[in-house]
Each structure stands twice: as C-alpha cells, then as structure tokens.
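Single-letter residue listing:
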Amino acid sequence: MATPSRSGVFGVAPDRRVEQFTESISFDHRLYAQDIAGSIAHSRMLARVRILTDDEQSQIERALGEILADIESGRFETRVELEDIHMHIEQALINKLGDVGRKLHTGRSRNDQVSTDFRLWVRDAIDSIDDLLGKLQAAFVGRCEHDADVILPAYTHMQRAQPVLAPHYWLAYCEKFERDRERLRDCRRRVNTCTLGTAAVAGTSLPIDRADVASRLGFERVAANSLDASSDRDFALETCFSLSLIAEHLSTWAEEWILWSTAEFGFIQLPLDFCTGSSIMPQKINPDVLELIRGRTGRVIGHLMSLLVLVKGLPLAYNRDLQEDKPAVFDAVSVVQSCLDMAAAVVAGAKLNRKAIAASLERGYLDATTLMEYLIQRRIPQRTAHHLVGQLVRHAMQRGVPLADLSLDEMREACPELDEGVYGVLGAARAVEAFVSYGSTAPAEVALRVADWRSRLGMHGDACPTPN
Ligand code: ARG
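Heads up: these notes are all about the structure in this document. (Residues numbered from 1 in each chain as written. Predicted model: local features only at pLDDT ≥ 70, side-chain atom pairs only at ≥ 80, totals over all residues. Heavy atoms only, no water.)

1. Here's the deal with the overall build of the chain
Defined as follows: Strands are runs of DSSP state E lasting at least 2 residues, helices are runs of H or I lasting at least 4, and numbering of each runs from the N terminus. We take the radius of gyration over the C-alpha atoms and set the globule estimate at 2.2 Å times the residue count to the 0.38 power. Summary of the burial criterion: residues with accessible area below 20% of their type's maximum are buried, those above 50% are exposed, and those between are partly exposed, where the area comes from a 1.4 Å probe applied to protein chains only. We call two residues in contact whenever any of their non-hydrogen atoms come within 4.5 Å of each other. Only the protein chains shown count as cover for residues, and the accessible areas themselves come from Shrake-Rupley with a 1.4 Å probe. As used throughout, the charge tally considers Lys and Arg to be positive and Asp and Glu to be negative, leaving His and the chain termini uncounted. Taken as the charge location is NZ of Lys, CZ of Arg, CG of Asp or CD of Glu.
Each helix and strand in the chain was counted, giving 18 helices and 6 strands. Here the C-alpha radius of gyration of the chain, 30 Å, is well above what a compact globule of 468 residues would show, namely 23 Å. Overall size of the chain, expressed as C-alpha extent along the three principal axes, is 100 × 55 × 45 Å. The buried share of the chain, taken over its 468 residues, is 49%. Of the contacts formed within the chain by residues at least 6 apart in sequence, a portion of 75% connects residues at least 24 apart. When the accessible surface of the chain is split by element, carbon and sulfur atoms take 53% of a total near 22,300 Å². Considering the chain, the positive charge centre built from 53 side chains and the negative charge centre built from 65 side chains are found 1 Å apart.

2. Let's talk about the pairing of strand 1 (residues 151–156)
Put simply, the rule reads: Paired strands, in this sense, are two strands between which DSSP finds at least two bridges.
Taken across its 6 residues, strand 1 has 5 buried, putting it largely inside the fold. The pairing of strand 1 with strand 2 (residues 159–165) spans 6 bridges and is antiparallel. Bridging from a neighbouring strand, Y155 pairs with R160 of strand 2. Linking strand 1 back to strand 2 in an antiparallel pair, the connection comprises 2 residues, with H157 at a positive phi of about 55°.

3. Section: helix 3 (residues 32–48)
Inclusion rule: Expected helix span is computed as 1.5 Å times (number of residues minus one).
Along its 17 residues, helix 3 runs 24 Å from first to last C-alpha, staying within 8% of the 24 Å computed at 1.5 Å per residue. Of the surrounding elements, those touching the buried residues of helix 3 are helix 4 (54–72), helix 5 (85–97), helix 6 (110–144) and helix 8 (210–216). One or two residues past the end of helix 3 sits R50, with phi positive at roughly 70°.

4. Some remarks on the state of the cysteines
Quick reminder of the rule: The criterion for a disulfide is a pair of cysteine sulfur atoms lying within 2.5 Å.
Scanning the entire structure with this criterion turns up 0 disulfides. Considering cysteine sulfurs only, C339 is the nearest to C275, which forms no disulfide, with 16 Å between them. Given a relative accessible area of 17%, C275 falls into the buried group.

5. Quick word on the environment of L403
Mapping L403 onto the fold places it in the loop between helix 15 (382–399) and helix 16 (408–414). In this structure L403 comes out as buried when scored by relative accessible area, which is 0%. In sequence terms L403 and G427 are 24 residues apart; their C-alpha atoms lie 7.6 Å from each other. Those residues in contact with L403, other than ones at most four positions away along the chain, are Y365, D367, A368, L371, L392, V393, A396, M411 and L426.

6. Focus: the nonpolar core
The line we're drawing: Joining through side-chain atoms within 4.5 Å is the link that ties buried Ala, Val, Leu, Ile, Met, Phe, Trp, Tyr and Cys residues into a set, and such a set is a nonpolar core.
Judged by nonpolar contacts, the single largest core of 109 residues is most densely connected at F140, W170, W253 and W257. If one sorts the elements of this core by residue count, helix 6 sits on top with 15 residues. Excluding its chain neighbours within four sequence positions, the residues that come into contact with W253 are F140, Y173, L290, I293, A343, V346 and V347.

7. A look at the side chain of R181
Mapped onto the fold, R181 is located in helix 7 (residues 166–191). Discounting residues that sit within four places of it in the chain, R181 has contacts with D130, L133, G134, Q137 and L457.

These figures capture arrangement, not role.
Written out as structure tokens, the structure reads:
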C-alpha cells in the first residue's frame, strides 16, 4: 500500500532504510491526544464552512474517538512506513471510514498540524511545570514557621558574610521559582497561538475559518503569517530556555544543600529515604538525588543548545530538520518535572541541625558589618567605621574570640566613641535583630514575607508539619 505522504508522483517505493531513518513515530506518538483534539476541531470547522457535511463530520469525530480509545488501551499498532503520529491517526481513520476519512486532511498540512499539536502539548507541559513549581515553593514556605528562629550564615564568595534567618534562605528560592513561573506564563501566551490552517506554507484556497478552529482549541490568537507559522519554533526554544533556568535554580539549591549536608558544614540532614548508600563504604549516606538534580541541568541546557543550533540558518519555511525539536523538548520537560518533584520532597523532609548551626555562628564575625553600621549611626563616616571594625576584628582574631567577647576597654581603644550599647548588636542573633531595610533578613520583614507567600500560594491553616 502506498504511504499517504507518497503521492502518485513517485512510481517507486522508498529505500527500505529511508523509512527507518526518517520516522518520528518513535517519539511523536506522545502527541496522539493533541492530534486527535486538533483533528476534531478541524473537522467541526470544515462542517461549519460546509466543506464536510454534518454526517461526514460526525462519522469522523466518532471514529477519532474510537482511535483515541484504541491508543489509550494499547491496541494501536504503529509502523514506520506511516512515519509519524499524524499519518498513523489519519490512516486509521481512512481504514475505518474510507473516502470520508480521506476528507479530513482538507485545508491543512502536516506542517501546521505538527506545529499545532506540539503547541498544545507544550501548553499542557507549561501548566504542569507551573503546578510543580508552586508545590516546591509551598515546600519551602512550609518550612518557614518551623525554622523561624534558626539563624544561618549567609555567604559571599563562599566566605561567611552576615547572619540571616533560615526563612530568608527559603524565600530566596521562592523568589527565583516565582520568576520562573512568570517567565513560563509569558512564554505560554506565545505558545498559545493557533497555526492550524496555515497549511503547507502559503495558506489554502479553501474557505476555512481559522479563528473558529483556534477558539475550539482554546488558543488565544491566530498566527497571522503562514510562512512564519509553519516554520516558527520560537515557542519551543523559549520554553526550553525557561526550563533551563529552572534547572539552574534547582542546581544552585542542590549544590548548597549538598555542601550543607557534609560533615564539614553539618547544617542539614537530608531525608534518609531520599539518600543512597555506597556498595563498599558501609557508613556512607550520599546525596545522589541532589547530585542528579544538579547533573541533569546539563541535559536540559544541552537540549536548549541543540534547539538553537537546529533552527540556526534554516530558510523559510518548514524543513524536515524541525522534526528534531520534539525529543529535545520532551526530555527537557520530563527531566525538569521529575527534578521539581524530587526537590519538593527533599525540601519538605530535610532537618536542620540546629545545634551545629548555632555553634558555627560563633565563627566568621558575621556581626562585623552590623557593628560597622552601629558606628555609622553614631555619625562615624562609613569608611572610618569600616576601618575601625576591621581593626577590632583583627584584635579579636588574635585573641581567638568573637567580637562580643571583647571588653569595652578593648573596644574603646580602637574607637573611643563606643559605649555599652555596642553589645546590643553583637552576636548573630542580635545582628539579625538589628536589620530593618525592606527585603532584608529583619525578622519583622521576613515574617511579613512568609505571610505574603502563604497567601499567594493559597496555604491556609497550619504550617506544613515539619521535621525535627
Ligand atoms: N514527521 C514530520 C515532523 O514531525 C512531519 C512533517 C511533514 N511535513 C513534510 N513536509 N514532510 O515534522
């Protein structure tokens, strides 16, 4: 039997190897539901403009419903000769309906069909990723109440810098993931453009109604140029970029918690049911889940790179190269989905080692900047205060004590303006209390932010039950 895409022009069968080489059914079978939805919308429109009779349309719609059921129950067979999911479904329709089935592919081509199906798929993927991002944010926010009084060192250059509340850390990730959600929402608007009916490249001479199809499929707009529409893969690229940035954010978090879970830091205990062991060292409890989250970032970014190179220099309009976009996006989506799912579970199940953290706050002079600001409030110029506190830190280092352990005489030697009040800002806890600026780790600020996130994420009632 001739394959549907090989018209009477050939008079010769394709080389045996060509079908295997050019097929896409092995991956684009994932578009079956979108393809059927697109075909039903297309057929309803064709009936509305009287290209199909109502009877033909209802036969087509019923048969497409049966094909959907066959696919979902595993009764549908695929063959490389039929190349892709679009031709498999069309051929199944023709097998059921004969000539009526042969009418479905009127006023469209696979070029716009592929694009439309893929857009529908990406639209759903974006919604699922948005949902997973929300769940991860909720896991971070869910920790905030429980960890409200924990102070952690914040680092710059990986050197101890200033003390912050643990919830300030958790909400830092919420902000990053919120930007990811915004980016996806923005990208979704462009994904949500209907290309069906732009046909092969120039449109069609048949009186189709593209706006009708678009609204049946929930698209927000109709692509305005057939040359652009059938060649456009921007939506896939920007989705993949958004996924790459999510992966980057996850990777930063994973790296941080891997470090924090080491004996050297000892800040956090990862949930044991999300850790792995060693086949030779019996004592090992390894953070493989976090390492794979970090590692798979490479895969997602790799897919973005392959898409960028794929479309580079393609002339208008459809070129078969574009078939290669799907494995990249499918894999990027499933990697990010599984990483987000794992991350939410690890975030919810980890325990902070409060004792080890508290002991570590003694080191690193986390309160030095607050001391400098205390001097600034006593009208000492910043540069002078910076220098004076540096001298005090050096003195304290030589004695091997924290700043709070220096006597007032020692303090005054460096800075005669000081009085007892200085002890009110020394030590990590007091230093944290001293913050006041918007966006800082000031406890009142952080409490407001936590409340704000809880309401934005629809988290009512008790904070999530948290460990330790
Ligand atoms: N399987 C192809 C794809 O996914 C279908 C494209 C058909 N268009 C064409 N002109 N051969 O891109």
